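Topology and contacts: notes
So you can see what is in the structure, the chains are spelled out below.
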Amino acid sequence: AGPPITVPLTSNLNPTSPHKILYKKKLYPTAAHLWDAHKFLKYHPELAERIRTTSHSPMEMSRLSWVYQMQGYVREDWELVWRDKLDEVLYMKFIQHPDLRAELMATGYALLLDGNEMAYRDMSQINDPAVNELGKALVRLRERLRRE
């Protein structure tokens, strides 16, 4: 499988990369925008729309999303569905951008590490189920794309 590959925040494989995603006839500036919008789409579509349109900057969008979460607007089942939503959003990103799909597939069978998260962790924590969620999601996606 080779050595692990770190996916930094600036990588095309990261949800924050500037690759637009079309979802239900609406264009989202990044996969991160769509994933955050899913926190609100079901019960507060007007907040999801603000997430989509407020800023192309994932950092600014995240701040807005955080405010809505602190105000209690996030869907109640988010803890149960967030991984599925992450998988769905990543799948859409890599299907809509074949060049990114090729980049992901070029990682072969390597373990993928979320560079943002792993900067604060030690490799001994890698098998903890709550660690490296983005890396695990990208590996699941790569396996899915390999089967298709």
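Residues numbered from 1 in each chain as written. Predicted model: local features only at pLDDT ≥ 70, side-chain atom pairs only at ≥ 80, totals over all residues. Heavy atoms only, no water.

Description of helix α4 (residues 78–96)
Convention followed: Each helix is a run of DSSP H or I of at least 4 residues and each strand a run of E of at least 2, with the numbering of both proceeding from the N terminus. Every helix has an expected span of 1.5 Å times one less than the residues it contains. Given a residue, its bend is the angle between the two axes fitted to the seven residues that end at it and to the seven that start from it. Contacts were defined at the residue level, with two residues in contact if any of their heavy atoms lie within 4.5 Å.
Here α4 is 19 residues long and its end C-alpha atoms lie 25 Å apart, about the 27 Å a rise of 1.5 Å per residue gives. If you look at α4, its biggest bend is around 25 degrees, right at Asp84. Contacts from the buried residues of α4 go to β2 (21–23), α1 (31–37), α5 (98–105) and α7 (133–147).

A look at the side chain of His97
Put simply, the test is: Only protein chains enter the area calculation, which uses a 1.4 Å probe; residues under 20% of their type maximum are buried, those over 50% are exposed, and those in between are partly exposed.
By the element assignment, His97 lies in the loop between α4 and α5. Using a relative accessible area of 16% as the deciding quantity, one classes His97 as buried.

Notes on the confidence of the model for the protein chain
Short version of the rule: Every residue is assigned a pLDDT by the predictor, reflecting its confidence on a scale from 0 to 100.
Confidence in the prediction for the protein chain averages 91 pLDDT; 91% of positions are at 70 or higher. Per-element averaging of pLDDT across the protein chain places helix α6 (residues 115–118) at the bottom with 70 and α5 at the top with 98.

Digging into the nonpolar core
Using the following cut-off: Nonpolar cores were defined as sets of buried Ala, Val, Leu, Ile, Met, Phe, Trp, Tyr and Cys residues, with membership established by side-chain atoms within 4.5 Å.
Core analysis: the largest hydrophobic core is formed by 34 residues, its most contacted members being Leu34, Ile51, Leu90, Phe94, Leu104, Leu138 and Leu141. Listed by contribution, the elements that provide at least two residues to this core are β2, α1, α2 (45–54), α3 (58–70), α4, α5 and α7. Top contributing element to this core by residue count: α4, with 9 residues. Among all residues touching Leu90, those that are not within four sequence positions of it are Pro15, Leu134, Ala137, Leu138 and Leu141.

Observations concerning the packing of aromatic side chains
Stated precisely, the cut-off is as follows: Pairing of aromatic rings covers Phe, Tyr and Trp, the last counted by its six-membered ring, and requires centre-to-centre distances within 6.5 Å; plane angles under 30 degrees mean stacked, over 60 mean edge-to-face, and any other angle means tilted. For a lysine, the NZ atom is tested; for an arginine, the CZ atom; a charge sits over a ring if that atom is within 6 Å of the ring centre and within 35 degrees of the ring normal.
For the structure on display, the rule yields 4 aromatic pairs. Ring geometry for Tyr23 versus Tyr28: centroids 6.3 Å apart, planes at 65 degrees, classification edge-to-face. Overall, the relative accessible area of 11% leaves Tyr23 in the buried class. Classification of Tyr28 as buried rests on a relative accessible area of 3%. Summarising the aromatic geometry, the rings of Phe40 and Tyr68 are spaced 5.7 Å apart at their centres and angled 85 degrees between planes, so their arrangement reads as edge-to-face. A residue pair is termed long-range when its members are at least 10 positions apart, and Phe40 in the loop between α1 and α2 and Tyr68 in helix α3 qualify at 28 residues. Accessibility classification places Phe40 together with Tyr68 in one group, the buried group. Clustering of aromatic rings is evident, with ring pairs tying together Trp35, Trp78 and Trp82. Across the ring face of Tyr91, the terminal group of Arg144 is positioned such that the distance to the ring centre comes to 3.5 Å.

A closer look at the packing of α4 against α5
Note the cut-off: Whenever a helix is involved, its axis is fitted only over the stretch in contact; in every case the axis is a line through C-alpha atoms, and angles between N-to-C directions fall within 0 to 180 degrees. With respect to orientation, any angle under 35 degrees is reported as roughly parallel, any angle over 145 as roughly antiparallel, any angle of 65 to 115 as roughly perpendicular, and every other angle as oblique. Each residue gets one of three labels, nonpolar for Ala, Val, Leu, Ile, Met, Phe, Trp, Tyr, Cys and Pro, charged for Asp, Glu, Lys and Arg, and polar for the others, Gly among them.
Two numbers describe how α4 lies on α5: the axes approach to 5 Å, and their chain directions differ by 110 degrees. Judged on the interaxial angle alone, α5 and α4 are roughly perpendicular. Listed contacts from α5 to Lys93, Phe94, Ile95 and Gln96 of α4 are Pro98, Leu100, Arg101 and Leu104. The residue inventory of the contact of α4 with α5, partitioned by class, reads 5 nonpolar, 1 polar and 2 charged.

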